[in-house]
Structures are given as structure tokens and as C-alpha cells.
Amino acid sequence: MSENPEKPPLPTSPEALLARLTAMGLTHTLYHHEAVFTVEESEHLKETIPGVHVKNLFLRDKKERMCLVVLPHDINLDLKTVAPALGLDRISFSSPDRLFKYLGVYPGSVCPFAAMNDTTNQVQVYIDEPTANADLVCAHPMLNTMSVTIKGADLLRFLDSVGHSPRLLPLRDFHRIADAA
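To keep things clear, this report deals only with the structure shown in the data block. As the structure is a computational prediction, the values presented were derived from the model and not from experiment. (Residues numbered from 1 in each chain as written. Predicted model: local features only at pLDDT ≥ 70, side-chain atom pairs only at ≥ 80, totals over all residues. Heavy atoms only, no water.)

Description of the overall build of the chain
Reasoning step 1: Within the chain, the regular secondary structure consists of 6 helices and 8 strands.
Reasoning step 2: Ordered by position in the sequence, the α and β elements of the chain form the string α-β-α-β-β-α-β-α-β-α-β-β-α-β.
Reasoning step 3: For 181 residues, the compact-globule estimate of 2.2 N^0.38 gives 16 Å, and the chain sits close to it at 16 Å.
Reasoning step 4: Viewed in the frame of its principal axes, the chain has a C-alpha envelope of about 40 × 40 × 30 Å.
Reasoning step 5: By residue count, 48% of the 181 residues in the chain fall in the buried class.
Reasoning step 6: Of the accessible surface of the chain, which amounts to about 9,400 Å², a share of 52% is contributed by carbon and sulfur atoms.
Reasoning step 7: Here the chain holds 17 positive side-chain charges and 22 negative ones, and the gap between their average locations is 8 Å. (Helix = DSSP H or I, 4+ residues; strand = E, 2+ residues; numbered from the N terminus. Rg over C-alpha atoms; globule rule 2.2 N^0.38 Å. Buried < 20%, exposed > 50% of the residue type's maximum accessible area, 1.4 Å probe, protein only. Areas by Shrake-Rupley, 256 points an atom, 1.4 Å probe, with all protein chains shown as cover. Lys, Arg positive; Asp, Glu negative; His and termini not counted. Charge placed at Lys NZ, Arg CZ, Asp CG, Glu CD.)

Set out below in C-alpha cells:
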């Protein structure tokens, strides 16, 4: 970001997001918790918050094409293997500056709802197909001190409404196999 230690405000607050979900008639439940920045830090939340807990990877390739990949928190994606399925080449994680510029969130708070902040449609959203069909999906609502659950079908409706119809892929097929010890 800038030299200024103060972070700019989020373009969409959690409250504004939740109001939009309500206005669309999308049933959701909000949960407050301590800040979690990694899948490991959030592991205990599965005990009290239902649904498929997701992780969200904001990726770019050497041509600066970007995508947001939404998949279950326990799948370790093999970036080299999945790149062709995403239509990208030599992918890597995007910088915090790029994350805020296009999705309007900070590291640790990446979520599928952030696609609404990409008003120039620079980011393609991909969702693990079984996750999109889940009864409940659990993700942050722009901040990592909260989680919201929503039906997978309603998450798709939301993304359609903000001009980011996701592509569904069997992302589980691109998991990274742990190295043998």
C-alpha cells in the first residue's frame, strides 16, 4: 500500500454487503469471531459455524490476467496443474496492493463477495463445483473478524447480480499431493 500506516476504508463494508444480501432475499447468518488470517487459524471455527468453509486465492499470471478461486479450505491446489483450466499461464499470488485495488479487501479477508468491488470486470471468479452446490458455504463478509453462511446457489445468484458469473470447475481434481517423507 502507501507509506501511510492507516489503511483506506473498504469500498464495501460488511454491513453494506449484508444489507445487499437481505435486499436480494438471500438467507444468510453472520458469525463474529477473532481475526483469522490463515486456514490454520480458522480451523476451530468449523466446530461452531456450519457449512463448507472456503479459502479464496487471488491469482494472476504473467500477462496480468487475474482470477479469484474459491474452494474448500482443506484442498491444497496445485497451481501449475490448475493454470490451464483457469486459462492462465505461470500463475502466482497477487500482491496486497492489487488485491485492494481490484477486490477492495485486505490480505486475510479475501472472499467471493469481494467480486462486487471489481467494477471493471478484471477478475474472473472460479468456484469448486461441489462447493457451489453445497447446502451452506462459509466465507468472510469483507473482514476476517466475521464469517457468513449462505446457500451455494445463493452465492451464485449474488455473484451473477454483481456481474461476476463464476465458472464452476472440479477444483478438487487439481489438488497438490503431499511430498513423501
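So, next bit.
Focus: the packing of aromatic side chains
Reasoning step 1: For the coordinates displayed, the defined rule picks out 2 aromatic pairs.
Reasoning step 2: Seen from their ring centres, Phe113 and Phe158 are 5.5 Å apart, and the 70° between their planes marks the pair as edge-to-face. Within this pair, whereas Phe113 is found in the loop between helix 4 (96-103) and strand 5 (123-128), its partner Phe158 is found in helix 6 (residues 152-161), the two being separated by 45 residues in sequence. The pair formed by Phe113 and Phe158 is uniform in burial state, with each residue classed as buried. (Phe/Tyr/Trp six-rings, centres within 6.5 Å; stacked < 30°, edge-to-face > 60°.)

Worth remembering: the numbers are spatial, not functional.
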